[in-house]
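Examining the three-dimensional arrangement
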Amino acid sequence: MPEVRPIYASAMNEKTQILFSLLCFSFLLVSPIESNGENLALSCGASEPAADSDKRKWEPDAKFIKSGNSIQATASYQDPSLLSTVPYMTARIFTSPATYEIQVKEAKRHYLRFHFYPSTYTGLDISNSYFSVTANDVTLLNNFSAAITCQALTQAYLVREYSLAPTERDVLSITFTPSDKYQKSFAFINGIEVIEMPEMFDSAVLVGFSDQIADAKAANLQTMFRLNVGGQDIPGSQDSGRLTRTWYNDAPYIFSAGLGVTLQASDKFRIDYQKMPVSTAPADVYKTARSQGPTGDINIKSNLTWMFQVDTNFTYILRLHFCEFQLSKVNQKVFNIYINNKTAQADPTPADIIAWTGEKGIPTYKDYAMYVDANNGGNEISLQMTPSALSRPEYLDSQLNGLEIFKMDSMKNLAGPNPEPSPMQANEATQKEFQNDKKTALIIGSAGGVAMVLAFSLCFTVYQRKRRFPGNDSHTSIWLPIYGNSHTSGTKSTISGKSNNSSHLSNLAAGLCRRFSLSEIKHGTHNFDESNVIGVGGFGKVYKGVIDGSTKVAVKRSNPNSEQGINEFETEIELLSRLRHKHLVSLIGYCEDGGEMCLIYDYMALGTLREHLYNTKKPQLTWKRRLEIAIGAARGLHYLHTGAKYTIIHRDVKTTNILLDENWVAKVSDFGLSKTGPDMNGGHVTTVVKGSFGYLDPEYFRRQQLTEKSDVYSFGVVLFEILCARPALNPSLSKEQVSLGDWALNCKRKGTLEDIIDPNLKGKINPECLTKFADTAEKCLYESGIERPTMGDVLWNLEFALQLQETADGSRHRTPSHGGGSDDFGGGGAVAVHVAGGGIRSEEHDVSDQSDDNGGIFSQIVNPKGR
Ligand SMILES: *[C@@H]1O[C@H](CO)[C@@H](O)[C@H](O)[C@H]1NC(C)=O
Ligand SMILES: *[C@@H]1O[C@H](CO)[C@@H](O)[C@H](O)[C@H]1NC(C)=O
């Protein structure tokens, strides 16, 4: 898997944050960045110069094209995640090789940035676009599909940045060549930037080899990741040295169970660059950091770990930026740094920032080189830090301020393969085939009943529906371009290995979890005894059981009659076997034997969150415990959205899918409906509506467009459920109160929220904490997905709310900088404007009215039998 999550991966998730920063800072922009000889920005396919949302000027590209035929084109669709129409809405299309020639200064290093927005241009099918790009004699991209890459990244557009080594030439030739492997292939480009930069690279020690170095000075490099560790995104307009680099928050790449804590210098704190060029990194990078936390004896037992996807068989330069802004003496904070489990900087020569810089406020960086191949990391780079105790430092902690990862060229090549599709995308492929094989005819109901019909017309209808919309035909092939056209290809290998509908399990998934025999399972559950049933879902029943003599497990048994159940089952194995997280229910194994299909999970002793909230004889949960559970669940979802290889959308977030182990640790469960998402045409997945009533994102419901913000909406309902201790939907109440989401929002806006909170909590919630919590829940329920916070924002705000409560209770304190940072972090929501849309809500009521559930135990609407 090549760069599944390069530096731009968080662009869409963090969009509101970027917007917010742009809004805040646009009026204090020092000066718009003008294009000149050293800083050229081309808006490809544009006829007139135009400015982007940062007021930066982009020129038309025509006069730089020296050879080859091309077409000017305009995108037919503007994705809402595009921060600016310039340069994305116009494109230059090449159907044969073509070359740009751009004047540059000889003997100077240059950034070269490409902007790609794979959309529909003048009727061309973007999934046919495969091409290579060279800059002088360096291959930057080969057989590249922007569509596949964006799909894997779950974002609408992508930016590739290269740093080209100085040459003797004063002309930079950039050649686009459509791949001749595919018919109708074409190349396209939306924006090109060429920016002269200072020489920033030197040789670096090759980690794992005691006496070898990698010489980056003569190298061509590709920027893979550029992170403001422990801080917010920094847009290009605020970069130092006018290099217009974007720095992203690092949280999505954290792999360790704990996120550590973020540290922030005060606004007035001055960074003294001394001899280091200011262009190395902006001061904001050095004024924020992530450290392990205040508890040294916990820190020493763990590593703070980041994980990055990269292309195999390349050498990478990791540039670690450091600046101490709290401590000022040597041997106060000393730590070890490991890259791919190898010692980069560790005992007996551990890292000590003050020992390197002499004083606080002075930044520095360290470069480490790492060769990644099958024997070393495969396609991943891990970075780990843990305190060193060797010299008995004053604190046991470690710290990082910024991180850049660059790929070095190998024999003038920087190109890697296109990403593989995610397990879910592969799963879609097999389902699609299944449908094609059987020529299943599905009838879509008329508008009024659409939702109900869609609810059970299975994933298969995705494809049918898509074909019904004119102009959207390309969706069908875009979904799985890697497999070509599934009408014609019979024996392609998918991730699932097989193309029939018996077992779609990949070898990897099968290898990662244990396979049980049916007799083991029957023995462990007393032959599926009814007295062992602990739950019922759309797929079948869940039994309590025991394996290996004493290990308690939950066994989810598929209803053998349900084809859909089996698909969801396999989805869950594929997804869960690769996901390991403290706040996700772990899959222990599966059983596929004698016509039975079972999934075996860790047993969650305390059951579902819902059974502790209402209609229960169990003791009331304290407010603090509820907050901790909400934070745990938010963490699990945040990991699904950003931490795994692919963005995973849960699609069925609700209080019965949040389980509690014996220590009250919340774990998200039930991935049967999960989808990896969005496709590039809209940054969303167009799909049939699934999920549970009362929790459904109205936007998803209306437009059948699924994004991770649909989970955020559902989580907003969960937050109100936690606060008010009533079901998400209660049809026995008056019309305006049926839906908790609507009712709570209404009360929140009228200022009467306190009247509907759980009576058991009255007077026990710190008012500031309540405000923070309710504000967060409200933002989750914003009508429009883009205005809703990300799960990361939600997490920060909930942690902040907990901190407010703990401070009020006079209990345990956390580091103060943590709280300050978190509040800022969630600021994205502060500029969001709520757009009311009454119509959609009433649709939802109609749906609920048709239901026969009044006990609040509404669960799956995906039930082929019931309707
Ligand atoms: C990486 O290099 C090894 C050894 O040369 C080769 O077998 C393998 O195919 C290469 N992998 C890729 C993805 O290029
Ligand atoms: C931290 O990571 C390194 C490299 O993987 C490992 O050798 C070390 O044991 C880890 N330390 C702890 C305390 O987990």
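Quick caveat, the model's predicted, so the values are computed rather than measured.

A few points about the overall build of the protein
- The number of helices and strands found in the protein is 21 helices and 41 strands.
- The buried share of the protein, reckoned over its 867 residues, is 63%.
- If you take every contact in the protein between residues at least 6 apart in sequence, the share linking residues at least 24 apart comes to 75%.

Quick notes on the pattern of salt bridges
- For the structure on display, the rule yields 31 salt bridges.
- Across the pair Asp137 and Lys412 runs a salt bridge whose closest N-O atoms are separated by 3.6 Å. Of this pair, Asp137 sits in the loop between strand E9 (131–135) and strand E10 (138–144) while Lys412 sits in the loop between strand E28 (402–408) and helix H6 (423–438), placing them 275 residues apart in sequence.
- Judged by its relative accessible area of 40%, Lys412 falls in the partly exposed class.
- Among the ionic pairs, Glu778 bridges to Lys748, the shortest N-O distance being 3.0 Å. A residue pair is termed long-range when its members are at least 10 positions apart, and Glu778 in helix H18 (residues 767–780) and Lys748 in helix H16 (residues 740–750) qualify at 30 residues. For the pair Glu778 and Lys748, a shared accessibility class is recorded, and that class is buried.

So, the packing of aromatic side chains
- In this structure the tally under the stated criterion is 25 aromatic pairs.
- Centroid distance Phe116 to Phe144: 5.1 Å. Interplanar angle 50°. Geometry classified as tilted. In this pair, Phe116 sits in strand E8 (residues 109–116) while Phe144 sits in strand E10, placing the two residues 28 residues apart along the sequence.
- Under the relative-accessibility criterion, Phe116 is labelled buried at 0%.
- Relative to Phe406, the ring of Phe201 lies with its centre 4.9 Å away and its plane at 85°, an arrangement referred to as edge-to-face. With Phe201 in the loop between strand E14 (191–197) and strand E15 (203–206) and Phe406 in strand E28, the pair connects residues that are 205 residues apart, well separated along the chain. Each member of the pair, Phe201 together with Phe406, is buried.
- Three or more aromatic residues joined by ring pairs form one cluster here, namely Phe94, Tyr100, Phe114, Phe116, Tyr121, Phe131, Phe144, Tyr162, Phe176 and Phe188.
- The residue whose ring lies beneath Lys407 is Phe314, and the NZ or CZ to ring-centre distance is 4.6 Å.

Quick word on the nonpolar core
- Ranked by internal contacts, the top residues of the largest apolar core, which has 92 residues, are Trp306, Leu320, Ile337, Phe715 and Leu723.
- Contact partners of Leu320, with chain neighbours within four places excluded, come to Ile337, Thr364, Tyr365, Lys366, Tyr368, Leu383, Met385, Leu400, Gly402 and Leu403.
- If you look at the next biggest cluster of nonpolar residues, it comprises 50 residues, including Ala75, Phe116, Tyr162 and Phe176.

Concerning empty space enclosed by the protein
- Applying the stated criterion across every chain, the model contains 16 cavities of 30 Å³ or more.
- Each pocket or cavity is described by its volume, and for the second largest cavity that value is around 120 Å³.
- Lining the second largest cavity are 13 residues; nearest its centre among them are Ile254, Leu259, His581, His638 and Tyr639.
- Of the residues in the lining of the second largest cavity, the class split is 7 nonpolar, 5 polar and 1 charged.

A closer look at the packing of H16 against H18
- It is the contact of H16 with H18, at a shortest axis distance of 10 Å, that shows an interaxial angle of 125°. Between H16 and H18, the angle falls in the class oblique. You can see that H16 and H18 cross each other, and the crossing is left-handed. Contacts from Leu745, Lys748 and Arg749 in H16 reach Ala774, Asp775 and Glu778 in H18.
- Across the contact of H16 with H18, the residue classes tally to 2 nonpolar, no polar and 4 charged.

Digging into the site of ligand 2
- In the vicinity of ligand 2, the contacting residues are Ile300, Lys301, Ser302, Asn303, Tyr338, Asn341 and Gln384.
- With respect to ligand 2, the side chain of Asn303 contributes an N or O atom lying 2.3 Å from an oxygen atom.
- Side-chain polar atom of Asn341 to an oxygen atom of ligand 2: 2.9 Å apart, as the coordinates give it.
- Partitioning the shell around ligand 2 into residue classes produces 2 nonpolar, 4 polar and 1 charged.

With respect to helix H15 (residues 708–724)
- For H15, with 17 residues, the first-to-last C-alpha span of 25 Å sits near the 24 Å given by 1.5 Å per residue.
- Of the residues flanking the start of H15, the one acting as N-cap is Thr707, its side-chain oxygen 3.0 Å from the backbone nitrogen of Lys709.

Some remarks on H16
- A large share of H16 lies buried, amounting to 8 of its 11 residues.
- All buried positions along H16 are accounted for by Leu740, Gly741, Asp742, Trp743, Ala744, Leu745, Cys747 and Lys748.
- Gly751 sits one or two residues past H16 and shows a positive phi near 80°.

Quick word on the sheet that holds strand E37 (residues 658–660)
- With respect to topology, 3 strands assemble into an open sheet ordered E35-E37-E38, the strand pairing being antiparallel. Looking at which strands have only one partner, the edges of the open sheet turn out to be strand E35 (607–608) and strand E38 (666–668).
- Two strands pair when backbone bridges link them, and E35 and E37 are joined in this way by 2 bridges, in the antiparallel orientation. Within the sheet, the bridge partner assigned to Thr608 lies in E37 and is Leu659.
- Helix H13 (residues 623–643) contacts E37 and E38 of the sheet and is inclined by roughly 30° relative to E38.

Focus: unusual backbone geometry
- For the bond running from Val86 to Pro87, omega is 0°, close enough to zero to count as cis.
- By the element assignment, Pro87 lies in the loop between strand E5 (71–74) and strand E6 (90–94).
- Residue Pro348 is bonded to the preceding Asp347 through a cis peptide linkage, with omega at 10°.
- Within the secondary structure, Pro348 sits in the loop between strand E24 (342–345) and helix H5 (353–357).

What about the sheet that holds strand E13 (residues 187–189)?
- Taken in spatial order, the 3 strands line up as E5-E6-E13 in an open sheet, and their pairing is antiparallel. Taken across any chain shown, the strands that pair with only one partner, and hence form the sheet edges, are E5 and E13. When the angles between neighbouring strand axes are averaged without regard to direction, this sheet yields 30°.
- Strand direction decides the pairing type here: E6 and E13, joined by 3 bridges, are antiparallel. Bridged to Ile93 within E13 is Phe188.

Observations regarding the pairing of strand E25 (residues 364–372)
- Pairing of E15 with E25 involves 2 bridges; the strand directions are parallel. Along E25, the bridge assignment pairs Val205 with Tyr368.
- As paired elements, strand E22 (residues 314–322) and E25 share 9 bridges and run antiparallel to each other. From the neighbouring strand, His321 faces E25, where its bridge partner is Tyr365.

Details of the environment of Leu761
- Tracing the sequence through the fold places Leu761 in the loop between helix H17 (753–756) and H18.
- Once the C-alpha coordinates of Leu761 and Trp623 are considered, the two residues, 138 residues apart in sequence, prove to be 6.7 Å apart.
- Setting aside chain neighbours within four positions, we find Leu761 in contact with Leu621, Trp623, Arg626, Ile722 and Leu723.

Here we look at the confidence of the model for the protein
- In the predicted model, the protein carries a mean pLDDT of 76, and 73% of its residues have values of at least 70.
- Taken as a whole, residues 1–37 scores under 50 in pLDDT and shows 110 contacts with residues more than four places along the chain or in a different chain.
- Note on residues 676–689: pLDDT is under 50 here. Beyond four places in sequence and across chains, it has 78 contacts.

About the criteria used
Residues numbered from 1 in each chain as written. Chains lettered and ligands numbered in written order. Predicted model: local features only at pLDDT ≥ 70, side-chain atom pairs only at ≥ 80, totals over all residues. Heavy atoms only, no water. Helix = DSSP H or I, 4+ residues; strand = E, 2+ residues; numbered from the N terminus. Buried < 20%, exposed > 50% of the residue type's maximum accessible area, 1.4 Å probe, protein only. Contact = heavy atoms within 4.5 Å. Salt bridge = Lys/Arg side-chain N within 4 Å of Asp/Glu carboxyl O. Phe/Tyr/Trp six-rings, centres within 6.5 Å; stacked < 30°, edge-to-face > 60°. Lys NZ or Arg CZ within 6 Å of the ring centre and 35° of its normal. Core = buried A, V, L, I, M, F, W, Y, C linked by side-chain atoms within 4.5 Å. 1 Å grid on protein atoms, 1.4 Å probe; cavity = no way out; pocket = protein on both sides within 12 Å on 5 of 7 lines; lining within 4 Å. Points joined across faces, edges and corners; volume = space filled by probe spheres on them. Nonpolar A, V, L, I, M, F, W, Y, C, P; charged D, E, K, R; others polar. Axes fitted to C-alpha atoms, helices over the stretch in contact; angles between N-to-C directions. Parallel < 35°, antiparallel > 145°, perpendicular 65-115°, else oblique. Left-handed = near helix turned anticlockwise from the far one by under 90°. Near = heavy atom within 4 Å. Polar contact = N/O pair within 3.5 Å; in protein donor to acceptor, adjacent residues only side chain to side chain. Expected span 1.5 Å × (residues − 1). Pairing = 2+ DSSP bridges. pLDDT = per-residue confidence, 0-100.

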